[in-house]
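Analysis of the macromolecular model
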Amino acid sequence: MDGILEKAAVKRFQEAATKLGVKGEVNILAETARTAIDAANGLGIEVGQIASSLIFKLPSGNPLLIITSGRHRVDTDLVAKNLDIPGLGRADANYVKEVSGYSVGGVSPLGWISKPEIILIDEALNDYDIVWAASGHPHAVYPTTYAELITCTGAKPMVVGD
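Everything in this summary refers to the structure shown in the same document. From a predicted model like this one, the values you see are computed outputs, not experimental measurements. Note that residues are indexed from 1 along each chain, following the sequence as it is written. Residues qualify for local features only when their pLDDT is at least 70, as the model is predicted, and side-chain atom pairs are given and counted only at 80 or more; totals for whole chains, interfaces and linings, by contrast, use all residues. Note that water and hydrogens are dropped before the side-chain values are worked out from all heavy atoms of the structure.

1. So, the overall build of the protein
Helices and strands together make up the secondary structure of the protein, namely 5 helices and 8 strands. What you see in the protein, going N to C, is helices and strands ordered as α-β-α-β-β-α-β-α-β-β-β-α-β. In this description the radius of gyration comes from C-alpha coordinates, and the expected globular size is given by 2.2 Å times residues to the power 0.38. In summary, the protein has a C-alpha radius of gyration of 14 Å against a globular reference of 15 Å for 162 residues, a match within 12%. With the principal axes as the frame, the protein shows a C-alpha extent of 45 × 30 × 25 Å. For each residue, the accessible area found with a 1.4 Å probe, counting protein chains only, is set against the maximum for its type, and the residue is called buried under 20%, exposed over 50%, and partly exposed in between. Counting every position in the protein, which comprises 162 residues, the buried fraction comes to 49%. Calculation of accessible area relied on Shrake-Rupley with a 1.4 Å probe; when residues are assessed, cover is drawn exclusively from the protein chains displayed. For the protein, the exposed area adds up to about 8100 Å²; of that, 49% sits on carbon and sulfur atoms. Secondary structure counts use DSSP, requiring at least four H or I residues in a row for a helix and at least two E residues in a row for a strand, with both numbered from the N terminus.

Next up, the structure:
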């Protein structure tokens, strides 16, 4: 796992985290954290403690970031209804990289190259004292809290799945 901390995306995350006063350090996992289950297994924690950064397209074409608990899937119909919009569009890997600067599997909630139009955070993450989020690479994660994620991202709490 040599060199992960030197990757541009991880450095961008670290710069943003430092600027925002994030306390958690980047941890490098031997196995990939590309999925919430992989990350939880690598950390020896509950899958619900994984704060996955999922990107969707709003009707405007701009990105919606949902920081969600790994314990469930995002209910896109519920989110669209709560946002009073007709629906959420799928974001492919190229779109994700273009708007966030991160590759799928390593998308951090911090350090985006362009700010999402809307940022939501899954209220289920508040069930845990510590949650873990990606740090710009599929093998890099950092510990944080629900409150710290809200403070650092300006995310609006919402029920996004069950």
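2. Remarks on the packing of aromatic side chains
Two aromatic rings from Phe, Tyr or Trp, using only the six-membered ring of Trp, form a pair when their centres are within 6.5 Å; if the ring planes differ by under 30 degrees the pair is stacked, by over 60 it is edge-to-face, and anything between is tilted. Inspection of the entire model under this criterion finds 1 aromatic pair. Note on geometry: a ring has a charge over it if NZ (lysine) or CZ (arginine) is within 6 Å of the ring centre and within 35 degrees of the ring normal. The residue whose ring lies beneath Arg12 is Tyr102, and the NZ or CZ to ring-centre distance is 4.5 Å.

3. Some words on the pairing of strand β6 (residues 131–137)
Burial runs high along β6: 7 of the 7 residues are buried. Strand pairing is assigned whenever DSSP detects at least two bridges linking the two strands. Inspection of the sheet shows strand β2 (residues 50–57) paired to β6 by 2 bridges, in the parallel sense. Bridge assignment links Ala51 to a residue of β6, and that residue is Ala133. Bridge analysis of β6 against strand β7 (residues 140–144) gives 5 bridges, and the strand direction is antiparallel. Bridging from a neighbouring strand, Val131 pairs with Thr144 of β7.

4. Notes on helix α4 (residues 93–100)
What α4 keeps buried is the set Tyr95, Val96, Val99 and Ser100. For α4, the buried positions fall inside an angular range of 100° around the axis, keeping them on one side. In this structure, α4 carries Asn94 and Glu98 as exposed residues pointing more than 90 degrees from its buried face. Note on contacts: a residue pair qualifies if any of its non-hydrogen atoms lie within 4.5 Å across the two residues. Buried residues along α4 sit in contact with α1 (8–20), β2 and β3 (63–69). In protein, a polar contact means a hydrogen-donor-capable atom and an acceptor-capable atom, both N or O and within 3.5 Å, with residues adjacent in sequence counting only if both atoms are side-chain atoms; elsewhere, any N or O pair within 3.5 Å suffices. Where α4 begins, one side-chain oxygen reaches toward the backbone nitrogen of Asn94, 3.2 Å away; that side chain belongs to Asp92. With its phi angle positive at about 85°, Gly101 sits one or two positions after the end of α4. Directions drawn from the helix axis to the C-beta atoms are what define this arc.

5. As for the nonpolar core
Ranked by size, the top nonpolar core spans 31 residues in total, and within it Ile67 and Leu110 carry the most contacts. Every element with two or more residues in this core is listed here: α1, β2, β3, α4, β5 (118–122), β6, β7 and α5 (146–153). To form a nonpolar core, buried Ala, Val, Leu, Ile, Met, Phe, Trp, Tyr and Cys residues must be joined to one another through side-chain atoms within 4.5 Å.

Purely spatial values, then, with no claim about function.
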